[in-house]
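# Structural characterization, general
Residues per chain are reported as follows:
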Amino acid sequence: MIFGAIKPYPSPLISGRGIDLDFPFLVGCLALLGLGLVMITSASSEVAAAQSGNPLYHMIRHLIYVAIGVGACIVTMMVPIATWQRMGFLMLIGAFGLLVAVLIPGIGREVNGSMRWIGFSFFNVQPSEIAKVFVVVYLAGYLVRRQQEVRESWMGFFKPFIVLLPMAGLLLMEPDFGATVVMMGSAAAMLFLGGVGLFRFGLMVVLAVGAVFVLVQAQPYRMARLITFTDPWSDQFGSGYQLTQALIAFGRGEWFGVGLGNSVQKQFYLPEAHTDFVFSVLAEELGMVGSLLTVALFVFVTVRALYIGLWAEKAKQFFAAYVAFGLAFLWIGQFLINIGVNVGLLPTKGLTLPFLSYGGSSLVICCACVGLLLRIEWESRTHLGSEEHEFDENDFAEEPNHHGR
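Residues numbered from 1 in each chain as written. Predicted model: local features only at pLDDT ≥ 70, side-chain atom pairs only at ≥ 80, totals over all residues. Heavy atoms only, no water.

## A word on the overall build of the protein
Counting its regular elements, the protein contains 15 helices and three strands. Summarising the internal contacts of the protein: among those between residues at least 6 apart in sequence, 70% fall at separations of at least 24. When the accessible surface of the protein is split by element, carbon and sulfur atoms take 69% of a total near 18,100 Å². (Helix = DSSP H or I, 4+ residues; strand = E, 2+ residues; numbered from the N terminus. Contact = heavy atoms within 4.5 Å. Areas by Shrake-Rupley, 256 points an atom, 1.4 Å probe, with all protein chains shown as cover.)

So, in structure tokens, the structure goes:
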């Protein structure tokens, strides 16, 4: 019944050519998912054994999240990009609703002093992960509708911030400074690619840097983190504890690591070893070589996502192109911040590493984004990404199969 309902609307999984995916991109994402499962199993075993009596507790939960994520990926691949474009405003309203709901006592769940999760019986939802993607979809639609205004007038440039600034305020109330930076950075990159002039873009960068400075000054704990990360050894057993333990993990890893499963830092020395600092455990167990290969894999996936946006732009599917660019910049921002925190280049900030860190919301949203990018690539390659086009299987009868680009 379900497949019969969606058959008139072909997708990368249902077409005249069978399964028609961007396999290089898919393989890169699957490799990251597999590596994440292995590292979470290793990094969480000691903590899971102590907390639940089962060393595979977090691995089993992560496998469930992977299964849900694969389902989300399949669903997003089935939905035409034109549908996402039509739903942009509703998604924006939904993002605001989630960010408001998480701040309401009794709905939002407080963990380590932050109200970032909406708790259900067996799992938690992190609204910021959903909101970042919804903002990208809405802003992509805005850039298409107001393209000339964005490029030529100040008003077209400032209008998006009427939406972005209140959303950033809600994120800061949780507080989630990292998600705020990633969301605003991705939005700025999308505006730049949308044609905003260098002068206006430069002014936005100056204002953003000033805002970050004010926000850091406004909260003592943020200033303490900023001071500590420059010399974590000055307070090794206090505010610098987490970073010093991460640096010890990197040092122990040397060139080829101590071996998978042999990390010492995961044994209650390094806090959040399977979430925010999973890359430190990876560096300890797989060494510098393994770390650089992981970084190379991230670079391949994010660059491929940018190319998907470029291909959509060449096919004159501008909404799809802006969505692809926005999702790629979300990943790039999270990747740079998380790795920067792990190696001590940035102050400690609770931001997950895409595909690798333990966390249901982050993983499921990453998988959904993969499905969306695969859909964008497929529509741009088959030239079917148009609201006016009525999808039919006959559209695919004569086209050759060349999904490797």
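## Focus on the pattern of salt bridges
For the coordinates displayed, the defined rule picks out nine salt bridges. Residue Glu 379 is joined to Arg 375 by a salt bridge in which the shortest nitrogen-to-oxygen separation is 2.8 Å. Of the two residues, Glu 379 and Arg 375 both sit in helix α15 (residues 360-382), four residues apart, roughly one turn of that helix. Judged by relative accessible area, which is 2%, Glu 379 ranks as buried. One continuous salt-bridge network, built from bridges that share partners, spans Asp 20, Glu 377 and Arg 381. (Salt bridge = Lys/Arg side-chain N within 4 Å of Asp/Glu carboxyl O. Buried < 20%, exposed > 50% of the residue type's maximum accessible area, 1.4 Å probe, protein only.)

## Quick notes on the side chain of Ser 280
Its place among the elements puts Ser 280 in helix α13 (residues 278-314). Residue class for Ser 280 comes out buried when judged on its relative accessible area of 0%. Within polar-contact distance, the side chain of Ser 280 engages the side chain of Asn 342 at 2.6 Å. Not counting chain neighbours up to four residues away, the residues in contact with Ser 280 comprise Ala 246, Ala 249, Phe 250, Leu 270 and Asn 342. (Polar contact = N/O pair within 3.5 Å; in protein donor to acceptor, adjacent residues only side chain to side chain.)

## So, the environment of Val 47
Mapped onto the elements, Val 47 comes out in helix α2 (residues 23-52). For Val 47, a relative accessible area of 16% gives the class buried. Considering only alpha carbons, one finds Val 47 and Gln 267, 220 residues apart in sequence, at a separation of 7.3 Å. Not counting residues up to four positions away in its chain, the partners in contact with Val 47 are His 58, Lys 266 and Phe 268.

## Side note on the packing of aromatic side chains
The final tally for this structure, using the stated rule, is six aromatic pairs. Here Trp 331 and Phe 355 contribute two aromatic rings whose centre-to-centre distance is 5.2 Å and whose plane-to-plane angle is 65°, an arrangement assigned as edge-to-face. Taken together, the residues span a long stretch of sequence, with Trp 331 in helix α14 (residues 318-343) and Phe 355 in the loop between α14 and α15 at a distance of 24 residues. The exposure class assigned to Phe 355 is buried, which follows from its relative accessible area of 2%. A network of ring pairs unites the aromatic residues Phe 25, Trp 331 and Phe 355 as a single cluster. (Phe/Tyr/Trp six-rings, centres within 6.5 Å; stacked < 30°, edge-to-face > 60°.)

## Quick look at the confidence of the model for the protein
When the pLDDT values of the protein are averaged, the result is 84; 87% of them are 70 or greater. When mean pLDDT is taken per element in the protein, α13 scores highest with 95 and helix α1 (residues 2-6) scores lowest with 40. Taken together, the stretch residues 1-8 has pLDDT below 50 and engages in six contacts with residues farther than four places along the chain or on a different chain. (pLDDT = per-residue confidence, 0-100.)

## Some details on the sheet that holds strand β3 (residues 124-125)
Strand order in the open sheet made by the three strands is β1-β2-β3, with antiparallel pairing throughout. The sheet is open, and its two edges are formed by β1 (108-111) and β3, each paired on a single side. Here four bridges tie β1 to strand β2 (residues 114-119), and the two strands are oriented antiparallel to one another. From the neighbouring strand, Val 111 faces β2, where its bridge partner is Ser 114. (Pairing = 2+ DSSP bridges.)

## A closer look at the nonpolar core
Phe 25, Leu 327, Trp 331, Phe 355, Leu 356 and Ile 376 are the most contacted members of the largest nonpolar core, which has 95 residues in total. Of the residues forming this core, the biggest block, 15 residues, is contributed by α14. (Core = buried A, V, L, I, M, F, W, Y, C linked by side-chain atoms within 4.5 Å.)

## A closer look at helix α5 (residues 88-101)
Here α5 is 14 residues long and its end C-alpha atoms lie 20 Å apart, about the 20 Å a rise of 1.5 Å per residue gives. Of the positions making up α5, those classed as buried are Gly 88, Met 91, Leu 92, Ala 95, Leu 99 and Ala 101. The secondary structure elements touched by the buried residues of α5 are α4 (81-86), β1, β2, α6 (127-145) and α8 (154-173). (Expected span 1.5 Å × (residues − 1).)

## Here's the deal with the packing of α14 against α15
The geometry of a pair of packed helices is captured by two quantities: the angle between their axes and the separation between those axes. Packing of α14 against α15 leaves a shortest axis separation of 10 Å and a crossing angle of 145°. Where α14 crosses over α15, the handedness of that crossing is left-handed. Of the residues in α15, those in contact with Ala 320, Val 323, Ala 324, Leu 327 and Trp 331 of α14 are Cys 366, Cys 369, Val 370, Leu 372, Leu 373 and Ile 376. Looking at the contact of α14 with α15, its residues break down into eleven nonpolar, no polar and no charged. (Axes fitted to C-alpha atoms, helices over the stretch in contact; angles between N-to-C directions. Left-handed = near helix turned anticlockwise from the far one by under 90°. Nonpolar A, V, L, I, M, F, W, Y, C, P; charged D, E, K, R; others polar.)

## Describing the packing of α5 against α6
With their axes 8 Å apart at the nearest point, α5 and α6 run at an angle of 155° to one another. Classified by the angle their axes make, α5 and α6 are roughly antiparallel. As for the relative orientation of α5 and α6, their crossing is left-handed in sense. Contacts from Gly 88, Phe 89, Met 91, Leu 92, Ala 95, Leu 98 and Leu 99 in α5 reach Pro 127, Ser 128, Ile 130, Ala 131, Phe 134, Val 137 and Tyr 138 in α6. Each residue belonging to the contact of α5 with α6 can be placed in one class, and the counts come to twelve nonpolar, two polar and no charged. (Parallel < 35°, antiparallel > 145°, perpendicular 65-115°, else oblique.)

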